[in-house]
Amino acid sequence: MNVLLPGTVSEACDLLAAYYQAIPVAGGTDLFVHWPARAEDHGRTFIDLSGLDELRFHRWTDDALVLGALTTYWDIIGDPRAVNELPLLVRAARQVGAIQIQTRGTWAGNIVNASPAADGVAVLMAYDATVTLQCLEGTEEIPLSEFYLGYKVMRRSPVQLLTEIRIPKRSYDLHMFEKVGARAAQAITKVGVAVTRRGEEWRVVANSVAPTVRRCPTLEAFLSDGEPARGPDDLVGAIREDVSPIDDIRSTARYRETVLARLLYFGLRAECPSFT
Amino acid sequence: MMEISFTLNGEPVVVSVDPTERLLDTLRYRLRLTGTKEGCGEGECGACTVIFDGLPANSCLIPTYQVRGCEVETVESVSPDELGALHASGATQCGACTPGVVMTALWVWRHSEILGTHSLRELMAGNLCRCTGYDGIIDGLEAWLEGGGGQSGEMLASSSEGPQSTSARRKAAP
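Computed from a prediction, not measured in an experiment: that's the story for all the values here.

Chemist: Which parts of the structure should I look at to understand the overall build of chain A?
Modeler: The secondary structure content of chain A amounts to 10 helices and 14 strands. Over its C-alpha trace chain A gives a radius of gyration of 19 Å, about what one expects of a compact globule, namely 19 Å for 276 residues. Seen through its principal axes, chain A has C-alpha atoms that stretch 55 × 45 × 35 Å. The proportion of buried residues among the 276 residues of chain A is 49%. When contacts within chain A are restricted to residue pairs at least 6 apart in sequence, long-range pairs at least 24 apart make up 62% of them.

Chemist: Is there a simple way to think about the overall build of chain B in this case?
Modeler: In terms of helices and strands, chain B carries 6 helices and 5 strands. The buried share among the 174 residues of chain B stands at 48%.

Chemist: What should I look at first to understand the domain arrangement of chain B in this one?
Modeler: When the parts of a complex come together, some accessible area is lost, and that lost area is often taken as the interface size. Residues and elements named next belong to chain B. The domain boundaries assigned to chain B delineate domain 1 (2–77 + 161–172) and domain 2 (80–154). Among the elements that line the side of domain 1 that touches domain 2, the one with the most residues is strand β3 (residues 49–52), at 3 residues. When grouped by side-chain class, the residues that make up the side of domain 1 that touches domain 2 number 7 nonpolar, 5 polar and 2 charged.

Chemist: I tried to follow the interface of chain A and chain B on my own but got confused; where do I start?
Modeler: Taken together, the 21 residues of chain A in the interface contact 22 residues of chain B. Per-element accounting of the side of chain A that touches chain B gives the leading share, 3 residues, to helix α5 (residues 99–102) of chain A.

Chemist: Quick question: what am I supposed to make of helix α10 (residues 253–271) of chain A here?
Modeler: Note that an α-helix has 3.6 residues per turn; residues three or four places apart therefore point the same way. All names here are of chain A. The terminal C-alpha atoms of α10, which comprises 19 residues, lie 27 Å apart, in line with the 27 Å expected from a rise of 1.5 Å per residue. Restricting attention to buried positions, one finds in α10 the residues Arg 256, Glu 257, Val 259, Leu 260, Ala 261, Leu 263, Leu 264, Tyr 265 and Leu 268. Next to the buried residues of α10 lie β11 (174–180), β12 (191–198), β13 (201–207) and α9 (236–242).

Chemist: I'm lost on the sheet that holds β11(A) in this one. Help?
Modeler: The pairing of strands in a sheet happens through backbone hydrogen bonds and is either parallel or antiparallel. All names here are of chain A. Read across the open sheet, the 4 strands follow the order β11-β12-β13-β14; overall the sheet is antiparallel. Here the strands that pair on one side only, and so sit at the sheet edges, are β11 and β14 (214–215). Across 7 bridges, the pairing between β11 and β12 is antiparallel. Residue Lys 179 lies in a different strand from β12, and its bridge partner there is Gly 192.

Chemist: How do you make sense of unusual backbone geometry when you look at a structure like this?
Modeler: Most peptide bonds are trans, and most residues other than glycine sit at a negative phi. A positive phi is found at Gln21(A), a non-glycine position, where the angle reads about 65°. The class for Gln21(A) is exposed, based on 9 C-beta atoms found within 10 Å.

Chemist: Sorry, what's going on with the sheet that holds strand β6 (residues 130–135) of chain A here?
Modeler: Residues and elements named next belong to chain A. If you walk across this open sheet you meet the 5 strands as β4-β5-β10-β6-β7, and the pairing is antiparallel. The open sheet has two edge strands, β4 (58–60) and β7 (138–143), and neither has a second partner. Strand after strand, the sheet turns through a mean of 20° between neighbouring axes, direction not considered. Note: β4 against strand β5 (residues 64–68), 3 bridges, orientation antiparallel. Of the residues in β5, the one forming a bridge with Trp 60 is Leu 65.

Chemist: What is the right way to look at the nonpolar core in this model?
Modeler: As a rule of thumb, nonpolar side chains are buried together in soluble globular proteins. The biggest cluster of nonpolar side chains holds 130 residues, and the ones touching the most others in it are Ala122(A), Val123(A), Leu124(A), Ala194(A), Val205(A) and Leu260(A). Ranked by residue count, the leading element in this core is α10(A), at 7 residues. Residue contributions to this core reach at least three from each of two domains, namely domain 1 (2–77 + 161–172) and domain 2 (80–154) of chain B. The contact partners of Val205(A), leaving out residues within four places of it in the chain, are Ala122(A), Met125(A), Ala126(A), Val193(A), Ala194(A), Val213(A), Arg214(A), Arg215(A) and Cys216(A).

Chemist: Is there a simple way to think about the pairing of strand β10 (residues 161–168) of chain A in this case?
Modeler: Looking along a regular strand, one sees side chains alternate from face to face of the sheet. Residues and elements named next belong to chain A. With 7 of 8 residues buried, β10 lies mostly within the body of the structure. Note: β5 against β10, 5 bridges, orientation antiparallel. What sits directly across from Leu 67, in β10, is Ile 165. Across 5 bridges, the pairing between β6 and β10 is antiparallel. The residue of β10 that forms the bridge with Val 131 is Ile 165.

Chemist: What should I look at first to understand the environment of Arg56(A) in this one?
Modeler: Residue and element names in this part refer to chain A. Structurally, the position occupied by Arg 56 is in the loop between β3 (45–48) and β4. Among the residues examined, Arg 56 registers 17 C-beta atoms within 10 Å and is labelled partly exposed. C-alpha separation for the pair Arg 56 and Pro 116, spaced 60 residues apart in sequence, amounts to 26 Å. Residues in contact with Arg 56, not counting those within four places in the same chain, are Gly 68 and Leu 70.

Chemist: What is the right way to read the pairing of β6(A) from this model?
Modeler: Residues and elements named next belong to chain A. Sheet analysis places β6 next to β7, joined by 6 bridges and oriented antiparallel. Across the sheet, the residue bridging to Thr 130 is Pro 143, located in β7. Between β6 and β7, which pair antiparallel one after the other, the connecting turn spans 2 residues.

Chemist: Teacher, can you tell me more about the environment of Asp25(B) here?
Modeler: Inspection of the secondary structure puts Asp25(B) in helix α1 (residues 23–30). What makes Asp25(B) buried here is the crowd of 21 C-beta atoms within 10 Å.

Chemist: Sorry if this is basic, but what is going on with the confidence of the model for chain B here?
Modeler: Regions with low pLDDT carry predicted coordinates that are not meant to be interpreted in detail. Residue and element names in this part refer to chain B. Overall, the prediction assigns chain B a mean pLDDT of 85, with 84% of residues at 70 or greater. For the stretch residues 149–154, pLDDT sits under 50, and the model shows 6 contacts to residues farther than four places along the chain or on other chains. Within the model, pLDDT remains below 50 along residues 156–174, and this stretch shows 38 contacts once partners closer than five positions in the same chain are excluded. Overall fold confidence (pTM) sits at 0.92, and the ipTM for the predicted complex is 0.93.

Calculation rules
Residues numbered from 1 in each chain as written. Chains lettered and ligands numbered in written order. Predicted model: local features only at pLDDT ≥ 70, side-chain atom pairs only at ≥ 80, totals over all residues. Helix = DSSP H or I, 4+ residues; strand = E, 2+ residues; numbered from the N terminus. Rg over C-alpha atoms; globule rule 2.2 N^0.38 Å. Buried ≥ 20, exposed ≤ 12 C-beta atoms within 10 Å, placed from the backbone. Contact = placed C-beta atoms within 7 Å. Domains from an automatic or database assignment. Nonpolar A, V, L, I, M, F, W, Y, C, P; charged D, E, K, R; others polar. Expected span 1.5 Å × (residues − 1). Pairing = 2+ DSSP bridges. Axes fitted to C-alpha atoms, helices over the stretch in contact; angles between N-to-C directions. Core = buried A, V, L, I, M, F, W, Y, C linked by C-beta atoms within 7 Å. pLDDT = per-residue confidence, 0-100.

See below:
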């Protein structure tokens, strides 16, 4: 394993250009799972970001919360403003692993690890977050909802570093995040869903039920139309349009579809009386 | 190999490690501090919990080079004499989870304001125990926290003799 230790973002970009497909490392909570057994990865080149103090921040601007790429779940869990203004960030962060993971795992790492089960990605997407990618040629900002192209395929080229996540500050009428795992704590999501509403504008983002975390446009349109649902089954048609759950080590397609419908129906019925 | 300097249980340490080496392995096999245990190796069980720059973390997921210039505390910084409340409540059976439990609890004790927003069970959710069913652990920690830092409040505090009394200094000498 070759580890490179840049001191600035610009040095990190130089290294990403010079060492094609080098892997940026922040907290390591995904990259080092079962590490001793993964001999095939030991020869790869890693670019360790822990020296990039310029990415270790989160700040509130007039119209956004901006997370530097080294912002951890724990940084946000401890921010009272996030609890009040963007509560889904805190709700999801508190369900990622436990404190030992929350203190090390980063929001940016959750995005570029590109797991379909990523809870952090679901809530960021429900808040219309954008990501900033930087390389020697410059920077670009991409909506997170357009960032994933397929399973573990994303619009980050190997020379780009994700430097910032920007979450617009808006007032929402409804925030909902529901997650089902094998147990209440320390579980990777089998079915997850994040929902926000501003007036008639809904965001429904599902995780662990498609090759990527993704927005659900058919469900969003259904909810915008304001048509009442009589039960979870009324949502199944829209769910089938939007997601494609599979059988895997954590769950089955049928379970995922059924549970997603129930999470949405009962969650929305509790939050939003006009729904039923 | 990389030469890494950090502070371990209050004492400076210098180790020469391969970049692939985990902090867990550096502690156990290079520095012979075997209190920190390996359970799952994937950041789920918490047996390898250490305090890294003031926060609990799983040492099985930390490459040792990442602690360069940082502070690490392990269970060796805690005297066995201070663990009376955990013994009394049946918090320990096989003992494999106990070092991690103690390190997370030590952090909670130092930051007890966190109990305003988090339950003890949520804070301890990253320390899995296959023996006790958790009630003994939670009862022991609650009894000690409710002691409010009186004599029982010393239970998990670092030994009054300070880090000089820990095995870290003896074992980590280059």
